[in-house]
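# Summary of the model geometry
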Amino acid sequence: MSGSRERILGGLRRRLGQPGGDDARRDAVERRLADHPRNPVPARALVPEPERVALFVAMATEAAATVERLPDTAAVADAVADLLASRNLPAAVRTAPDPLLAAVPWHTRPALTVSRGPAGDDDPVSVTGAFAGIAETGTLMLVSGPEHPTTLNFLPDTHIVVLPRRRIVATYEDAWDLLRRRSDAGGSWIPRTVNLVTGPSRTGDIEQTIQLGAHGPRSLHILLVEDADTASAAG
Amino acid sequence: MQPSSRHFPENARRALADDRLRAMLDKSASGFRLRRRMAADRLPEFEALRDRGRDIKDHTLAHLDLYLERFEAQVRAAGGTVHWCADAAGARDAILAICRAAGAKTVTKGKSMIAEEIAINDHLEAHGLVPVETDLGEYIVQLRKEPPSHIIAPAFHVSKEQVAESFRAAHTALDPARPLDEPSALLAEARAMLRRRFHEADVGITGANLLIAETGQTVIVTNEGNGDLTQTLPPVHIVLASIEKVVPTPEDAATVLRLLARSATGQEFSAYTTFSAGPRRAADPDGPRAFHVVLLDNGRSALMDTEFREVLRCIRCGACMNHCPVYGAVGGHAYGWVYPGPLGAVLDPALIGLAEAKHLPNASTFCGRCEEVCPMRIPLPAMMRHWRRREAEQGLQPAVTRRGLALWAWFARRPALYHAAARLAARLLRRLARRSGTLAMLPGAGGWTRHRDLPAPEGRTFRELWAERRTGDGP
Ligand code: SF4
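Residues numbered from 1 in each chain as written. Chains lettered and ligands numbered in written order. Predicted model: local features only at pLDDT ≥ 70, side-chain atom pairs only at ≥ 80, totals over all residues. Heavy atoms only, no water.

### Some points on the overall build of chain A
Helix and strand content of chain A: 7 helices and 12 strands. Along the longest, intermediate and shortest principal axes, the C-alpha atoms of chain A span 75 × 40 × 40 Å. Within chain A, the proportion of its 235 residues that are buried is 59%. Only carbon and sulfur atoms are counted for the fraction: they give 53% of the accessible area of chain A, which is about 9,100 Å². (Helix = DSSP H or I, 4+ residues; strand = E, 2+ residues; numbered from the N terminus. Buried < 20%, exposed > 50% of the residue type's maximum accessible area, 1.4 Å probe, protein only. Areas by Shrake-Rupley, 256 points an atom, 1.4 Å probe, with all protein chains shown as cover.)

Next up, the structure:
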């Protein structure tokens, strides 16, 4: 194996190396990685906050997600319970152990069974937070960690996402910036998994006809919360 | 996958005679083309992003050794392992060794063209493992024991009736009388069958659309979410990627991703774009416990100092094949190896040898549409010409072509003789064609006249007509 490593890297060096030495190439790489400069981004996302939120809602809706606006986190319990009832789904949700969701007054809807942890196949509905919303394409950034098991994003048929309005950014680059800044404990900022999710699961593999609900959720419902404690949503 | 590219002419003829196939190709490709156009028109920055995408890849390729080293260091820092593989056999061995060490029986797979390139499924099966494709299109072609016919839509060529047939044949535990007429019924059945497989799997193998040097992340793009279940549920996640997939930073990845979905399916963004680095962290409640990146060269680094280097910019969006009249007429299988269409016409000779793939660079009308739509601005037609030149240099053309060209070259170097011969031929053919102005048969031109008439020359050569026109006494 290490023979192959040397063969591949040596072959590349031979073909790419500069006659006067590779210092310039090394410098170029170091600079690029340290600065991680932005490339041009679509102007449509670079708009003031109210339009940015409107763009997020429009693009997410176009991608077949549904978006419901709520005044605060306290309204999440009712919104979830009512959604399940209106869709004839069982009154049980699997939730992420996210501090943001800890403030949800589930007890006001005693008929709803709420459990916490990673999802299994018998969990039809999940409720999670979101690290960020990205306006340019109506995309959610979901970040794995103790407060957000990745299976919650994929196994349940219905995925409900609580997104504080203040976490809606313009572009993918803005979301990466937020994540880079999160490295609080001095450790790496890079989580095991970052999911960029745009609408529910779909496939076009049968005669190129789009159908929703291939392997992941058939339905993605976003609860856009006006006034939430955003620090905890960052997870 | 065993190449059969040397049989392109026969494969193509068979495909052209298959009406059902041609109807499917037409329907599928036209939808892709329309949606790509709409997505590109909707983004004013699209052309500028293509320039930037090209520049990012050119920069990365010029520093590929350094970016790969950084990528490896970051994967290790995150607790993963990188396996460097010079060729397909090396990659197969590496994957089998990881599966064995994990005591694996079932292996789920996300879509990966590299997996096709190294024929990993056959290898795993030969060693007693059960590989299960989880992308719906891949699952369908796996059941049909076929290779994919398109790089982003593996079952591009399959009708829903054929899918139903395959499901009935494979899912024998289900009621044989169940209705399977609707695509929704087919999807529901596949979803249920594959759900079990996701949970049973001991190892999940995904491909990678991108690798990111700064973070050691591997990136997959799917619409179904199958890749995510493949890499989240089993204890071991193997990423299978080729060396040219790396980009420097997440910012650079963002630019490439803005181009990918729009060029491929015409979506603003695919449903799931997933960045993975290392195994689950100590406090993570789910995710794999081991993370391996199998990094394949297989002839790519040797392209670095050739006129084919730029094909390494390819992001496998499939736009070139969706817009190719030849691909649209014969489909992906005719090309006889993993990468069909204009991309395959350039890449296949590099990876499996020109002797095997020499027909592919010739399977082109040189209409230029592939280059027009390629998000990475790869000069595909020019590269096909380079291959044709090499084919001639290596004497791989049929003897009659070589002798014909040699004869033509002999005349072309003697202008007076050439014009005299051309004048004679023009008049002779005119005479032969008589009234109709066309020739139904001409010795030596059977390749043309088998399918259509040959228009006869006017009776005078181009130079004669041009001379008349210059002096003003022409028509
Ligand atoms: S060659 Fe260009 S158009 Fe074809 S698949 Fe690659 S990136 Fe897409």
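### Quick word on the packing of aromatic side chains
One pair of aromatic rings is described through two measures. These are the centre distance and the angle between the planes. Tallied over the full model, the rule gives 11 aromatic pairs over all chains. For the pair Tyr-172 of chain A and Phe-269 of chain B, a centre-to-centre distance of 4.6 Å together with 20° between the ring planes defines the contact as stacked. Placement of Tyr-172 of chain A in helix H6 (residues 172-180) and of Phe-269 of chain B in the loop between helix H12 (250-264) and strand S9 (272-276) is noted, with the two residues assigned to different chains. In this structure, Tyr-172 of chain A and Phe-269 of chain B share a single accessibility class: buried. Ring centres 5.9 Å apart and planes at 5° place the aromatic pair Phe-32 of chain B and Phe-156 of chain B in the stacked group. In this pair, Phe-32 of chain B is assigned in helix H2 (residues 19-42) and Phe-156 of chain B in the loop between helix H8 (136-143) and helix H9 (160-170), connecting sequence segments 124 residues apart. Like Phe-156 of chain B, Phe-32 of chain B is buried. Aromatic rings pair up to connect Phe-8, Phe-32, Phe-156, Tyr-327 and Tyr-335 of chain B into one cluster. Positioned above the aromatic ring of Phe-131 of chain A, the side-chain terminus of Arg-167 of chain A is 4.8 Å from the ring centre. (Phe/Tyr/Trp six-rings, centres within 6.5 Å; stacked < 30°, edge-to-face > 60°. Lys NZ or Arg CZ within 6 Å of the ring centre and 35° of its normal.)

### Some details on the domain arrangement of chain B
Each assigned domain of chain B is listed with its residue range as follows: domain 1 (43-301) and domain 2 (415-471). Taking the mean C-alpha position of each, domain 1 of chain B and domain 2 of chain B sit 55 Å from one another. (Domains from an automatic or database assignment.)

### Considerations on the environment of Glu-68 of chain A
Residues and elements named next belong to chain A. With respect to the secondary-structure elements, Glu-68 resides in strand S1 (residues 66-72). Accessibility expressed as a relative area gives 27% for Glu-68, which makes it partly exposed. C-alpha separation for the pair Glu-68 and Arg-94, spaced 26 residues apart in sequence, amounts to 20 Å. Among all residues touching Glu-68, those that are not within four sequence positions of it are Ala-79, His-221, Ile-222, Leu-223 and Leu-224. (Contact = heavy atoms within 4.5 Å.)

### Brief notes about the site of the ligand
Taken together, the neighbourhood of the ligand is formed by Ile-151, Cys-314, Ile-315, Arg-316, Cys-317, Gly-318, Ala-319, Cys-320, Cys-374, Pro-375, Ile-378 and Leu-380 of chain B. Considered class by class, the residues forming the shell around the ligand number 10 nonpolar, 1 polar and 1 charged. (Near = heavy atom within 4 Å. Nonpolar A, V, L, I, M, F, W, Y, C, P; charged D, E, K, R; others polar.)

### As for unusual backbone geometry
One non-glycine residue, Ala-64 of chain A, lies in positive phi territory at about 75°. Its place among the elements puts Ala-64 of chain A in the loop between helix H3 (49-62) and S1. Here the phi dihedral of Arg-377 of chain B falls at roughly 50°; this positive angle occurs in a residue that is not glycine. Relative to the elements of secondary structure, Arg-377 of chain B occurs in the loop between helix H17 (369-373) and helix H18 (380-393). The exposure class of Arg-377 of chain B is partly exposed, given its relative accessible area of 23%.

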